[in-house]
Amino acid sequence: MHRPLIGVPAQTLQAIDGIPEALPHSWVMNHRYFVALASTGAAPVMIPLLDQDEVTLRAIYDRLDGLFIAGGVDVHPSSYGADLDPHTGRTDLARDAVELLMTRWALAEGKPFFGICRGMQVLNVACGGTLHQDTTAFFPDAIKHDYFPTQGYARDHLAHDLRVAPGSHLHAAFGAETVAINSMHHQGVDRLGHDLVATAWAPDGLIEGIELDSPNRVHGFAVGAQWHPEMLVDTDAGTRRLFEGFVGEARAWAQRPRLTSVAA
C-alpha cells in the first residue's frame, strides 16, 4: 500500500529549556510523532526551518501529501497581533513562520492537515484566531491542563475527559461523545479563527478540538487536537483511527488525478 509523504516541521534546538547557546544552531523534533505516523501507514519527513527561503520551502511542500504540525514551544503572540505576556514561555519565531506559511498553503489547497497541541494553535492562528497565553491566568474557571512530565506526570497520563461534537472527524474516529485524553499545555484557543468550528471541549469549556468548516475553501481533512494522541496511538483504538483517517486522506491526495500540460 502506498505510504503518503507527511511533512513535520522541526523545532529549533536552542528554543528548548536547558540547551546551551554555544551549541551549533540545530533543528530537532520528538520522535513519537514520526513513530505514530509511520505505524499508521505514512512516510514522515522532518521539514527544516528555512524561514528566509520560501522558494525551497515551497519545493518541499509541493512534494508532500499531507502536513502535520506537532507540539512544542509557545506560539509567539506577535503571530496573532498581541503583546508578549510574562506567562508566555519559550518561543521559536522561525518555526512560527514556517508552520503558519505551510498551514495556509495546505488550507488554501485542501491538502490534508493534522495539528497536535501547538499544532492546533497554529491552525487557529493561521485562520486569524487568537490564543490564551496562559489558560490559568486568562481562561475563566480553568481546570489544570499542564500535566507536564517535568511535574512527574507520564506523557500518556489520562488527565480529563473531552466532550466531542457528533458529525466531526474526531467523533468519527472515536465513535463516542466522551473521550479520555492526556493534557500537556498551558496555552489554548481564545478567539476561534475564520472558517473553523470547535469540535471538542474540556470540562471547563476550553476548546480542545477544531476543524475546517467553510464553503469558501477547498474542503479537505484539517483537524486540530489540543492533547497528545501520538502517545496513545498504540493503546487506544479511537486514537489510532484518528491517525489512520489523516493518513488515509493523505494517501487519497497522493493518488488524485493530476493535471498534465499539453504541448502546443
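The structure this text deals with has already been given above.
Reference entry: report on the structure contained in this document. Quick caveat: nothing in here was measured; it's all calculated off a predicted structure.

## Thoughts on the pattern of salt bridges
For the structure on display, the rule yields nine salt bridges. Here R240 makes a salt bridge to D234, at a shortest N to O gap of 3.9 Å. Residue D234 is classed as exposed on the basis of its relative accessible area of 54%. For E244, the salt bridge is made with R240, and the minimal N-O distance between the two is 3.6 Å. Here R240 and E244 lie together in helix α7 (residues 237-254), a separation of four residues that amounts to about one turn.

## Focus on helix α1 (residues 31-39)
Among the residues of α1, those classed as buried are R32, Y33, F34, A36 and L37. Buried positions along α1 lie against β1 (5-9), β4 (43-47), β5 (66-69), β6 (113-116) and α7. Measuring from the backbone nitrogen of R32 back to the side-chain oxygen at the start of α1 gives 2.9 Å, which picks out N30 as the cap. At the exit of α1 stands G41, carrying a positive phi of roughly 105 degrees.

## A word on empty space enclosed by the protein
A complete count under the given rule lists one cavity of 30 Å³ or more for this structure. Estimated volume of the largest cavity: approximately 30 Å³. Lining the largest cavity are ten residues, with A106, L107, G110, K111 and A222 positioned closest to its centre. Per-class residue counts for the lining of the largest cavity are seven nonpolar, two polar and one charged.

## Comments concerning the layout of surface pockets
Here the largest pocket defines a volume of roughly 830 Å³. Lining the largest pocket are 27 residues, with Q11, G72, V73, F148 and M184 sitting closest to its centre. Residue composition of the lining of the largest pocket, by class: ten nonpolar, eleven polar and six charged.

## Side note on the packing of α1 against α7
Two elements in contact, α1 and α7, have axes separated by 9 Å at closest approach and are oriented at 75 degrees. Classified by the angle their axes make, α1 and α7 are roughly perpendicular. Here α1 contributes A36, L37 and S39 to the contact with α7, which in turn contributes R240, F243, F246 and V247.

## A short note on the sheet that holds strand β13 (residues 222-225)
Overall, mixed pairing links the nine strands, which are arranged β4-β1-β5-β6-β13-β12-β11-β8-β9 in an open sheet. Two strands bound the open sheet, and with one partner strand each, they are β4 and β9 (178-181). Taking each pair of neighbouring strands and ignoring which way they run, the sheet shows an average axis angle of 25 degrees. Looking at chain direction, β5 and β6 are connected through three bridges and run parallel. Bridge pairing in β6 links L67 to F113.

Calculation rules
- Residues numbered from 1 in each chain as written.
- Predicted model: local features only at pLDDT ≥ 70, side-chain atom pairs only at ≥ 80, totals over all residues.
- Heavy atoms only, no water.
- Salt bridge = Lys/Arg side-chain N within 4 Å of Asp/Glu carboxyl O.
- Buried < 20%, exposed > 50% of the residue type's maximum accessible area, 1.4 Å probe, protein only.
- Helix = DSSP H or I, 4+ residues; strand = E, 2+ residues; numbered from the N terminus.
- Contact = heavy atoms within 4.5 Å.
- Polar contact = N/O pair within 3.5 Å; in protein donor to acceptor, adjacent residues only side chain to side chain.
- 1 Å grid on protein atoms, 1.4 Å probe; cavity = no way out; pocket = protein on both sides within 12 Å on 5 of 7 lines; lining within 4 Å.
- Points joined across faces, edges and corners; volume = space filled by probe spheres on them.
- Nonpolar A, V, L, I, M, F, W, Y, C, P; charged D, E, K, R; others polar.
- Axes fitted to C-alpha atoms, helices over the stretch in contact; angles between N-to-C directions.
- Parallel < 35°, antiparallel > 145°, perpendicular 65-115°, else oblique.
- Pairing = 2+ DSSP bridges.

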